[in-house]
Each structure stands twice: as structure tokens, then as C-alpha cells.
Amino acid sequence: MGFARWNYLQETSKRLYALRCLKRSGVLPRDLCSVFCCFIGRVVEYACPVWHSSLSNALFEELEQIQKGATKIMLPGLSHRERLAHLKLPTLQDRRDELCR
């Protein structure tokens, strides 16, 4: 794993930890969703029009796991699709496709 990729994963892990702390503090899921979109979503979408078309399946899964982990923090006990529907979030793939258009 390259240094940049390791650094990126470390950065998102820190931000997911902050999301867990907010959840433990009693922040509502809709507010956690806003934090995710502004605080974490921007990191995983940074410059996506440049790299999106060359994304490997392994990296695609890593990015999706970040969103899956975040939504699981917000709404544990639901499937990923149910969490996305409840939070009114698109998948990261759909979001990147939209940003690239």
C-alpha cells in the first residue's frame, strides 16, 4: 500500500472516530449525516472527476466501506440500503457519477 493511500485511510479513520464520538454524545442521525457529508464525504470525493473513471474494484470497495461504516454508526441495525434510504443518501458511486457529469 502506498504512503498516500495509507495516509488517506488513516485520515478517514480519524474522521469516522469523530463521528462515533458525536453519536455517543447523542447527536441525531440526520445531524450525523450532515457531518458525514461535510466532514468525510468531501475527503472521499476530492478531485473525483480526475480519478473516477480509472477506479479499480478494490478501491471502489474501500470507498464504499467508508460510507457503509459511517451509516452504520448513524443507524445501526439496518441494512446498508435501508440506511441510505432513511438518510436520503446516494451511494458514493452515484454521487461520483453525478459530480463527473
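Residues numbered from 1 in each chain as written. Predicted model: local features only at pLDDT ≥ 70, side-chain atom pairs only at ≥ 80, totals over all residues. Heavy atoms only, no water.

**Student:** Just checking my understanding: could you explain the overall build of the chain for this structure?
**Tutor:** Each helix and strand in the chain was counted, giving 6 helices and 0 strands. Secondary structure elements in the chain, listed N-terminal to C-terminal, are α-α-α-α-α-α. Within the chain, the fraction of its 101 residues that count as buried is 31%. Within the chain, residue pairs in contact and separated by at least 24 positions form 64% of the contacts whose partners lie at least 6 positions apart. For the chain, the accessible area works out to roughly 6300 Å², and carbon and sulfur atoms hold 58% of it. (Helix = DSSP H or I, 4+ residues; strand = E, 2+ residues; numbered from the N terminus. Buried < 20%, exposed > 50% of the residue type's maximum accessible area, 1.4 Å probe, protein only. Contact = heavy atoms within 4.5 Å. Areas by Shrake-Rupley, 256 points an atom, 1.4 Å probe, with all protein chains shown as cover.)

**Student:** I keep staring at the environment of E11 and nothing clicks. Help me out?
**Tutor:** If you trace the backbone, E11 turns up in helix 1 (residues 3-24). For the pair E11 and V43, spaced 32 residues apart in sequence, the C-alpha to C-alpha distance is 8.7 Å.

**Student:** How do you make sense of the environment of L75 when you look at a structure like this?
**Tutor:** Topologically, L75 is positioned in the loop between helix 4 (57-74) and helix 5 (80-87). Considered as a pair, L75 and H86 are 11 residues apart in the sequence and their alpha carbons are 8.8 Å apart. Residues within four places of L75 in sequence aside, it is in contact with P29, R83, H86 and L87.

**Student:** I would appreciate a short explanation of the nonpolar core in the present structure.
**Tutor:** In summary, soluble globular proteins display a tendency toward joint burial of nonpolar side chains. Of all hydrophobic cores here, the largest spans 17 residues; its most connected members are L19 and M74. Among the secondary structure elements, those contributing two or more residues to this core are helix 1, helix 2 (29-45), helix 4 and helix 5. Setting aside its immediate chain neighbours within four residues, M74 contacts L19, K23, P29, L32, C33, F36 and L87. (Core = buried A, V, L, I, M, F, W, Y, C linked by side-chain atoms within 4.5 Å.)

**Student:** Got a minute to help me understand the side chain of Q67 in this structure?
**Tutor:** Relative to the helices and strands, Q67 resides in helix 4. Classification of Q67 as buried rests on a relative accessible area of 1%. Here Q67 is in contact with F36, H80, L84, L89, P90, T91 and L92, once residues within four sequence places are set aside.

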